[in-house]
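Examination of the molecular architecture
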Amino acid sequence: MATEMEPSDVIRLILQYLKENNLYRTLTTLQEETTVSLNTVESIDSFVADIKSGHWDAVLLAIKSLKLPDNTLIDLYEQVVMELIEMREVGAARSLLRQTDPMIMLKQTQPERYIHLDKMLTCSYFDPCEAYPRGSSKENRRRAIAEALVREVSVVPPSRLMALLDQVGSMRIQQYPDQLPTDMTMETSGNKDRGMEKESFPTQLYRHIKFGRRSHVECACFSSDGKYLITGSVDGFIEVWNFKTGKISKDLKYQAHDSFMMMDGAVLCMCFSKDTDLLATGAQNGKIKVWRIQSGSCLRRFEHAPNKGVTCVSFSKDNNQILSASYNQTVRIHELRSGKTLKELKSHSSFVNDAFFTQDGLHIISASSDGTVKIWNTTSCQCIHTFKSVSRTSDDPVNNVIPLPQNPEHFVICNHSDTVVIMDMDGQTVKTFSSDRKQRADFVCCTLSPRGGWIYCVGEDFVLYCFEYATGKLQKTLTVHEKDVIGIAHHPHEDLIATYSEDGLLRLWKP
């Protein structure tokens, strides 16, 4: 049986795949070169609800890859600017007004309308009658924008390209069973789970990198594409490594010429953008820098962003915002484009050790040495829930809070005890994992395997504890260092773990 498809439909399948995997630059290039567009959203009802509720961060992310009429885009961006002014987010409003294509187009085609917005930026008050003349209102404008956008979009089933390839693979097996190599397994929908390689815990030392005690690693992570291992040291150096050789990566020209990314103080945290292009780093002196990893150039500086040591940095889903946590008990949201701090979240009573945006971008989850985990509304920046995890005492510091890959509504809480906990967004304990050793050692750091099958914790006894998520059992222990362990990182695709310690060593472990 032959299936005929128009070339434009093939391109749309590829566009959908790129969108679902957040490959927006490739998607935009393909749309421009082929003039074929993919105007789809995951759910029209959710899309309309976000517009009518003014969840503009979600709306702007949803339309990022859409081809929309100029007038519709102008109306949308005008409303976003108007509401930012109303909330007195003048810096963000000014950036949108002066730097986005729809607003630049408005200035060129309808200067009076643009001037009206520009004047509202400088007013010390917000007058709804002036903002919405002729009997209009914010709700009416939102409704009209929703109706205009809905006419331009549609909903399609997810993962259509992979489903089609599954079908093609199944048909080929049926038609030509003797032509496939004997050692080849087709990963079709029927055997997909069996074909996926099972995650395994580490059992042996793979390689080590020696730094020395005076330049020991304070933070490390693997790049999102799995190509590099990056370290931040107590002496301020940020180095990119080929973890397969344990050597500095010389395919980056600046490192080949002995030039390195560097902070003024000890580098305490780092995080990659989803597309691996950018690296954010935070230092002990309160500074944050954003780097282009391929050139080693500093794209943006946030000077004294939290004014004390930065303990954690993470990117938003669209890479436009950076979340930072700090020793000054706050969480802050920074805008990459303007270089400004947009919001400050205050409620913790001690150091904030970890924080991240939820997958849908609607919430922020933070963990603190005050023993609490807090959930914040991203738009209002109000704390909506405060939880304490199960531990010996309610005040055990929380070292890490990590979203569970297989269920974004659940997250792993590692506090300074011998127990790690899975909790949901309502604060309910889903699972607990305990070392159950006679000589109890409190955990100091934690990481997860890429698909969440394993939870790895390192204790004050320098031992790595390997918990299997499915069974809840401790399956393996492994001594990883001889001095206090500072942190742990997992490769995004492989069964490979990095641990680093005050002994000046970074060690790589594999099954």
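These numbers come from a predicted model, not from an experiment. Note on numbering: residues in each chain are counted from 1, in written sequence order. Per-residue local features are limited, in this predicted model, to residues with pLDDT of at least 70; the limit for side-chain atom pairs, both in listing and counting, is 80 or more; totals at the level of whole chains, interfaces and linings are taken over all residues. Hydrogens and water molecules were not included; the side-chain quantities draw on all heavy atoms of the structure.

1. Observations regarding the pattern of salt bridges
For clarity, the threshold we go by: Criterion for a salt bridge: a side-chain nitrogen of Lys or Arg within 4 Å of a carboxyl oxygen of Asp or Glu. Only runs of H or I of at least four residues qualify as helices and only runs of E of at least two qualify as strands under DSSP, and these elements are numbered from the N terminus.
In the structure shown here, the tally under the stated rule is twelve salt bridges. Across the pair Lys-138 and Glu-86 runs a salt bridge whose closest N-O atoms are separated by 3.4 Å. Of this pair, Lys-138 sits in helix α10 (residues 138-150) while Glu-86 is found in helix α5 (residues 70-86), placing the two residues 52 residues apart along the sequence.

2. Examining the pairing of strand β12 (residues 321-326)
Residues in a regular strand project their side chains so that they alternate between the two faces of the sheet. The criterion, for reference: Exposed residues in this analysis have more than 50% of their type's maximum accessible area, buried residues have under 20%, and partly exposed residues fall in between, with area computed by a 1.4 Å probe over protein chains only. What makes two strands pair is DSSP finding at least two bridges between them.
Of all six residues in β12, five are buried; the element is thus mostly enclosed. Direction of pairing for strand β11 (residues 310-315) relative to β12: antiparallel, over a ladder of five bridges. By the bridge assignment for β12, Val-310 is matched with Ser-326. Linking β11 to β12, which pair antiparallel, is a turn of five residues; within it Asn-319 sits at a positive phi near 65 degrees. As defined by bridge partners, β12 adjoins strand β13 (residues 330-335) across five bridges and the pair is classed as antiparallel. If you follow Ile-322 over to β13, its bridge partner there is His-334. Hairpin connection between β12 and β13: a loop of three residues separates the two successive antiparallel strands, and Gln-329 in this loop has a positive phi of roughly 75 degrees.

3. What to know about helix α8 (residues 111-122)
Let me state the cut-off plainly: An expected span of 1.5 Å times one less than the residue number is assigned to each helix. Here the arc refers to the directions that run from the helix axis out to each C-beta atom. Note on contacts: a residue pair is in contact if any heavy atoms of the two residues lie within 4.5 Å.
For α8, spanning twelve residues, the distance from its first C-alpha to its last is 17 Å, which sits close to the expected 16 Å at 1.5 Å a residue. The complete set of buried residues in α8 reads Tyr-114, Leu-117, Met-120 and Leu-121. The arc that holds every buried residue of α8, seen down its axis, measures 120 degrees, which confines them to one face. Summarising the geometry of α8, the exposed residues directed more than 90 degrees from the buried face are Glu-112, Lys-119 and Thr-122. Those residues of α8 that are buried lie in contact with α5, α6 (90-99), α7 (101-109) and α9 (128-131).

4. Observations concerning the sheet that holds strand β24 (residues 454-459)
Heads up, the condition is: Under this scheme, a helix contributes an axis fitted over its contacting stretch, all axes are lines through C-alpha atoms, and angles between N-to-C directions fall in the 0 to 180 degree range.
Within the open sheet, the four strands sit side by side as β23-β24-β25-β26. Their pairing is antiparallel. The open sheet has two free edges, formed respectively by β23 (443-448) and β26 (474-479), since each of these has just one partner strand. In this sheet, adjacent strand axes meet at a mean angle of 20 degrees when their direction is disregarded. Across five bridges, strand β25 (residues 463-468) lies against β26 in antiparallel orientation. Looking at the pairing, Leu-464 lines up with Leu-478 of β26.

5. Here's the deal with the sheet that holds strand β22 (residues 429-434)
On the basis of which strands lie adjacent, the open sheet formed by four strands has the order β19-β20-β21-β22 and antiparallel pairing. Each having just a single partner strand, β19 (398-404) and β22 make up the two edges of the open sheet. In this sheet, adjacent strand axes meet at a mean angle of 20 degrees when their direction is disregarded.

6. With respect to the packing of aromatic side chains
How we decide: Centres within 6.5 Å are what make two rings of Phe, Tyr or Trp a pair, Trp counting through its six-membered ring; a difference in plane orientation under 30 degrees is then read as stacked, over 60 as edge-to-face, and the rest as tilted.
A complete count under the given rule lists ten aromatic pairs for this structure. Ring centres of Tyr-327 and Phe-351 lie 4.8 Å apart, and the angle between their planes is 65 degrees; on these two criteria the pair is classed as edge-to-face. Linking Tyr-327 in the loop between β12 and β13 with Phe-351 in the loop between β14 (341-346) and β15 (352-357), this pair joins segments that are 24 residues apart in sequence. Classification of Tyr-327 by relative accessible area gives partly exposed; the value is 32%. Overall, Phe-351 belongs to the partly exposed group, its relative accessible area being 39%. Centre to centre, the rings of Phe-433 and Phe-467 are 5.8 Å apart; their planes meet at 55 degrees, and the pair counts as tilted. Of this pair, Phe-433 sits in strand β22 while Phe-467 sits in strand β25; the two residues are 34 residues apart in sequence, bridging distant segments of the chain. Since its relative accessible area comes to 0%, Phe-433 is described here as buried. Through pairs of rings, three or more aromatic residues link up here, namely Phe-433, Phe-443, Tyr-465, Phe-467 and Tyr-469.

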